[in-house]
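Residue-level listing of the chains:
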Amino acid sequence: QLIIKVASIQSARMQIYFIDNEEYFSEKAMFHDINGEFLENNEERMIFYCKGVIETVKKLGWSPEIIHCQGWFSSLIPLYIKLIYNEDPLFKNTRLVYNVFDNDFSGELNADLINKLLFEKKLTPKDLSLLKNPSFVNLSKFAIKYSDAVIQGSEKINDDISKYIKKSKLPFMKHNEENNYEDSYNIFFNKVVEKKDNVLSEKK
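Note on numbering: residues in each chain are counted from 1, in written sequence order. Only residues with pLDDT of 70 or above have their local features reported here, since the model is predicted, and side-chain atom pairs are shown and tallied only from 80 upward, although totals for entire chains, interfaces and linings are computed over all residues. For side-chain calculations, the full set of non-hydrogen atoms in the structure is used, while hydrogens and water are omitted.

**Q** How do you make sense of unusual backbone geometry when you look at a structure like this?
**A** Within the chain, R13 stands out as a residue other than glycine whose phi angle is a positive 55°. Tracing the backbone shows R13 in the loop between β1 (3-9) and β2 (14-20). One non-glycine residue, K169, lies in positive phi territory at about 60°. Within the fold, K169 resides in the loop between α5 (159-168) and β6 (172-173). Helix and strand definitions here come from DSSP, where helices need a minimum of 4 consecutive H or I residues and strands a minimum of 2 consecutive E residues; each element is numbered from the N-terminal end.

Quick look at the structure:
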């Protein structure tokens, strides 16, 4: 069951939407249990979160211009938008931006991740080949593969991921520690939107 909770930041006149589920998010820990062990069902929690966010957006009737994915736990959202919800008019012009951080984790997620994703009839094993070994690096590469742009969210990121970003030739924004990062983000987002608009115009 997907539970939607709403809060607000009055000073910014902004509403914040949270998604919840008693089974997947009952613990206070984010990714590890009280003993520091990686939660065994993190792959299911990730699937629920990514699809839950999209379904919440649909329920609210939003048509997002940009979806900004923050880190590996959101790494399935670009795939969902590009291959599962690609015929939904709400996401017709949506751009996917993926933020890469240095929040690496040791080991891998449950290897059954691919089989669980294949419950989506529109997906094929080929679409998910990067997830045969669902490590932090491969999840990041997977998200980048289906994104329209990439942002480096930490001062240092994994070298393998950095090389993959360069190879992708996607619009890229380096790590920005300046106080005016908000302006930098806005400029970058505008470039991503303009680039996508130009591509759509060429296709027409």
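**Q** I keep staring at the packing of aromatic side chains and nothing clicks. Help me out?
**A** Geometry of aromatic contacts follows a simple scheme: Phe, Tyr and Trp rings, the Trp one being its six-membered ring, pair when their centres are within 6.5 Å, and the pair is stacked under 30 degrees between planes, edge-to-face over 60, tilted otherwise. For the coordinates displayed, the defined rule picks out 16 aromatic pairs. Judged by centre distance (6.5 Å) and plane angle (65°), the ring pair of Y24 and F25 falls under edge-to-face. By relative accessible area, F25 is classed as partly exposed at 22%. Aromatic side chains F31 and F73 sit 5.2 Å apart centroid to centroid with 55° between the ring planes, which places their arrangement in the tilted category. Classification of residues uses two cut-offs on accessible area relative to the type maximum, computed with a 1.4 Å probe and protein chains only: under 20% is buried, over 50% is exposed, and between them is partly exposed.

**Q** Can you help me understand a nonpolar patch on the surface in this one?
**A** Together, L2, I4 and V6 give the surface a local cluster of nonpolar side chains, amounting to about 210 Å² of exposed area. Positionally, V6 belongs in strand β1. Patch membership needs two things, relative accessible area over 30% and no salt bridge, and members are linked within 9 Å if like-charged or within 5 Å if nonpolar (Val, Leu, Ile, Met, Phe, Trp, Tyr). All accessible areas in this document rest on Shrake-Rupley with a 1.4 Å probe, and a residue is counted as covered only by the protein chains that are shown. Salt bridges, as used here, are contacts in which a Lys or Arg side-chain nitrogen is within 4 Å of a carboxyl oxygen on Asp or Glu.

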